[in-house]
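Residue-level listing of the chains:
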Amino acid sequence: MGFSTKVGAILAAAGSAVGLGNIWRFPTETGLHGGAAFILIYIIFMLVFGAPIMLAEFTIGRHGQKDVTDSFERMSGGQRGWRLMGLMPVVAGLLVLSYYAVVCGWTLYYAFVAGVDGFGGKTAAQYVSDFQQFSSSPTQPVVWILFIMLATCAVVSFGVKKGIERSAQILMPMLFVCIAILVVCSLSLPGADRGLHFLFHPDFSEIDGSTMLSAMGQAFFSLSVGICCLCTYACYFRKDVNLFHDSLSVAVIDTLVALMAGLIIFPAVYSVPGLQPDAGPSLVFITLPNVFQQVFSGSHLLAYGFSLLFYCLLVIAAVTSSISMLEMVVAYLHEELHWSRPAASVAASAVAMLLATGCSLSFGAWADKTVFGLGMFDLFDFIVAKLLMPLGSFIMCVFLGWVADEKVVRDEVTNGGTLHTVLYPIWLFIIRYIAPIGIILVFIHEIGW
Ligand code: PFF
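Counting restarts for each chain, with residues numbered from 1 along the sequence as it is written. Predicted model: local features are reported for residues with pLDDT of at least 70 only, side-chain atom pairs are reported and counted for 80 or more only, and whole-chain, interface and lining totals are derived from all residues. Side-chain metrics in this entry use all non-hydrogen atoms of the structure; hydrogen atoms and water are not considered.

Turning our eyes to something else, we now look at the overall build of the protein. Here a helix means four or more residues in a row that DSSP labels H or I, a strand means two or more in a row labelled E, and each is numbered from the N terminus. A count of helical and extended segments in the protein gives 18 helices and 0 strands. Within these notes, the globule rule equals 2.2 Å times the number of residues to the 0.38 power, and the radius of gyration is based on C-alpha atoms. Against the 2.2 N^0.38 benchmark of 22 Å for 449 residues, the protein shows a C-alpha radius of gyration of 21 Å, consistent with a compact globule. Based on the C-alpha atoms only, the size of the protein along its principal axes is roughly 65 × 50 × 40 Å. Type-normalised accessible area, obtained with a 1.4 Å probe on protein chains alone, sets the label of each residue: buried when under 20%, exposed when over 50%, and partly exposed for intermediate values. Across the 449 residues of the protein, 59% fall into the buried class. Residue contacts follow a heavy-atom distance rule, with two residues in contact if any of their heavy atoms lie within 4.5 Å. If you take every contact in the protein between residues at least 6 apart in sequence, the share linking residues at least 24 apart comes to 83%. For the protein, the exposed area adds up to about 16800 Å²; of that, 70% sits on carbon and sulfur atoms. Working definition of accessibility: Shrake-Rupley area with a 1.4 Å probe, residue cover restricted to the visible protein chains.

Core analysis: the largest hydrophobic core is formed by 162 residues, its most contacted members being Phe-72, Leu-400 and Trp-427. If you tally residues by element for this core, the top one is helix α5 (residues 87–115), at 20 residues. Nonpolar core, defined: a set of buried Ala, Val, Leu, Ile, Met, Phe, Trp, Tyr and Cys residues in which side-chain atoms within 4.5 Å join the residues together.

What follows concerns the packing of helix α7 (residues 140–158) against helix α15 (residues 341–361). Each axis is a line fitted through C-alpha atoms, and for a helix only the stretch in contact is used; angles between axes span 0 to 180 degrees, taken between their N-to-C directions. Two elements in contact, α7 and α15, have axes separated by 9 Å at closest approach and are oriented at 160°. The pairing of α7 with α15 is recorded here as roughly antiparallel in orientation. Crossing handedness for the pair α7 and α15: right-handed. Contacts from Pro-141, Val-142, Ile-145, Leu-146, Met-149, Cys-153, Val-156 and Ser-157 of α7 reach α15 at Arg-341, Pro-342, Ser-345, Val-346, Ser-349, Ala-352, Met-353, Ala-356, Thr-357 and Ser-360. Tallied by class, residues from the contact of α7 with α15 come to 12 nonpolar, 5 polar and 1 charged. Put simply, angles under 35 degrees are roughly parallel, angles over 145 are roughly antiparallel, angles from 65 to 115 are roughly perpendicular, and the rest are oblique. For a crossing to be left-handed, the near helix must be turned anticlockwise from the far one by less than a right angle; the clockwise case is right-handed. Gly is put with the polar residues, along with every residue not named as nonpolar or charged; the nonpolar set is Ala, Val, Leu, Ile, Met, Phe, Trp, Tyr, Cys and Pro, and the charged set is Asp, Glu, Lys and Arg.

With that out of the way, let us pick up unusual backbone geometry. Positive phi values are uncommon outside glycine, yet Asp-117 reaches one of about 65°. You can see Asp-117 is positioned in the loop between α5 and α6 (124–136). Look at Asp-117 and you get partly exposed, because its relative accessible area is 34%. One non-glycine residue, His-420, lies in the positive phi region at around 50°. The residue His-420 is located in the loop between α17 (406–413) and α18 (423–447) in this model. Residue His-420 is classed as partly exposed on the basis of its relative accessible area of 31%.

Around the ligand there are 17 residues in total, and Ala-17, Gly-21, Tyr-100, Phe-221 and Ser-224 lie nearest to it. For this analysis, a polar contact is any N or O atom pair within 3.5 Å, provided that within protein one partner can donate a hydrogen and the other can accept it, and provided that sequence-adjacent residues contribute only side-chain to side-chain pairs. Between an oxygen atom of the ligand and a main-chain N or O atom of Ala-17, the distance comes to 2.8 Å. Ser-222 places a polar main-chain atom, nitrogen or oxygen, 3.1 Å from a nitrogen atom of the ligand. For the ligand, whose free accessible area comes to 340 Å², the fraction covered by protein is 100%. Secondary-structure elements contributing two or more residues to the shell around the ligand are α1 (6–17), α2 (20–32), α10 (209–223) and α14 (300–335). Considering only residue class, the shell around the ligand consists of 9 nonpolar, 8 polar and no charged. For this description, a residue counts as near a given molecule or strand if any of its non-hydrogen atoms is within 4 Å of it.

A word on the pattern of salt bridges. Salt bridges are identified by distance alone: a Lys or Arg side-chain nitrogen within 4 Å of an Asp or Glu carboxyl oxygen. Tallied over the full model, the rule gives 13 salt bridges. The partner of Glu-412 in a salt bridge is Lys-239, with the nearest N and O atoms 3.1 Å apart. Linking Glu-412 in helix α17 with Lys-239 in the loop between α11 (229–234) and α12 (243–269), this pair joins segments that are 173 residues apart in sequence. A residue is classified by how much of its surface remains accessible, and Glu-412, at 7% relative accessible area, is buried. Through salt bridges that share partners, Lys-66, Asp-70, Glu-73, Arg-80, Arg-83 and Glu-336 make up one connected network.

Structurally, the position occupied by Ser-222 is in helix α10. Look past the residues within four positions of Ser-222 in its chain and what remains in contact with it is Ala-17, Asn-22, Tyr-42 and Asp-254.

This part takes up α10. Every helix has an expected span of 1.5 Å times one less than the residues it contains. Taking 1.5 Å per residue, 15 residues should reach 21 Å; α10 reaches 22 Å between its end C-alpha atoms and fits that length. For α10, the tally of buried residues reaches 13 of 15 residues, placing the bulk of the element in the interior. Immediately beyond the C-terminal end of α10, within one or two residues, lies Ser-224, with a positive phi of roughly 60°.

Two aromatic rings are characterised by how far apart their centres lie and by the angle between their planes. Here a pair means two rings of Phe, Tyr or Trp (six-membered ring of Trp) with centres within 6.5 Å. Their orientation is stacked below 30 degrees between planes, edge-to-face above 60, and tilted elsewhere. Counting across every chain of the model gives 34 aromatic pairs. Ring centres of Tyr-109 and Phe-134 lie 3.8 Å apart, and the angle between their planes is 10°; on these two criteria the pair is classed as stacked. Remark: Phe-134 occurs in helix α6 and Tyr-109 occurs in helix α5; sequence separation between them is 25 residues. Each member of the pair, Tyr-109 together with Phe-134, is buried. Between Phe-131 and Phe-285, the aromatic rings sit 5.4 Å apart at their centres with planes inclined by 10°, giving stacked as the arrangement. Residue Phe-131 is found in helix α6, and its partner Phe-285 is found in helix α13 (residues 283–295); the two are separated by 154 residues along the sequence. Here Phe-131 matches Phe-285 in class, with each residue buried. Note on geometry: a ring has a charge over it if NZ (lysine) or CZ (arginine) is within 6 Å of the ring centre and within 35 degrees of the ring normal. Against the face of Trp-402 rests Arg-432, its NZ or CZ located 5.1 Å from the ring centre.

Scope: geometric values only; no functional claims are made or implied.
The structure is reproduced here in structure tokens:
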């Protein structure tokens, strides 16, 4: 069961990469870490680590053609110990889905509010209190998370080709156009220049150990690399897919969407009295309804139509990413343990739903239950983005650069020596030296040595 077209493969990978990581997590992290300086480091990490490691994941997966467990064994030339890497997507997939689904649920709720015309006639302070009330409720968000989980489970049960490829093909371009319109709207708000200053005038005194790790974590999270998600998808890629081209395209699209999200959110932040860029995870949910109302204040219908369209597209972008998370777990249960796809999807979704409920409660009733000062939601995010993704990326670099047979790697990356033979040595150098050493240096910097 593979993707039927070459375009389907790239769209599905882009569908996984582009999601709430760009539109919700990127502005949150940028706001928390001081703006422009963070963005600069993030872009460097995208180019130096993100895109090359994405290509590494594609290479391992496409060579294997079955699942992550088998792919690592095959690429290593039959060393069975590497099969253990097959557990990475299972653990990481469940963890990431559990907290990502919470934000997906918030987004779906906001689409609903937009649909019943619930944004109009409110003050800025009301948007803040509305969101706080909703996200801290013990039951309300859980209902919306359940809807998301059911939708994700349904698509993954049908299988990659029918479920994922088709949904990505029409919706991704629509989201892009919608975001572009919103950038223009946001830039016309009063205070937009202060937002632009925050985004594009780096203040390097803001950089500390945690900025580096956060920027690296954001680059990995945004591209879905390091936990074998793209490796799982690449198992379904056809042999004529141009891996170099696809990884670079996905990385560029993903970075553009993130930067455009920044261009929507930060000019808007400064136009809302009392709102600060470091407001954290709630930022997007408070600023966006404001932007819609302010920009389209002349036409109620436009404000209604546009906010509804935007939130619906955002839900879809979020779900194409959550699908890829569930697929990581289901592929393992299906291929390795021979469960049927529907049974595997239901079981994995049930576990994720349980964990997601805990993550949601950490914004309300469980706010005081913390480990190392982090609630369950933040703890899961920390484990995935700042530990598992860099660790997995490091292992993949060492694996492809030093363990796998170089000739096999070259053949896979260059489609048998027919594509990008000039770029290949540069990529191999990055995978062998630059990326693994860079990841270690970021950790050393974080610990403060
Ligand atoms: N890259 C996705 C986003 O930006 O929303 C999130 C994501 C998907 C992370 C899949 C990890 C993953 F395995």
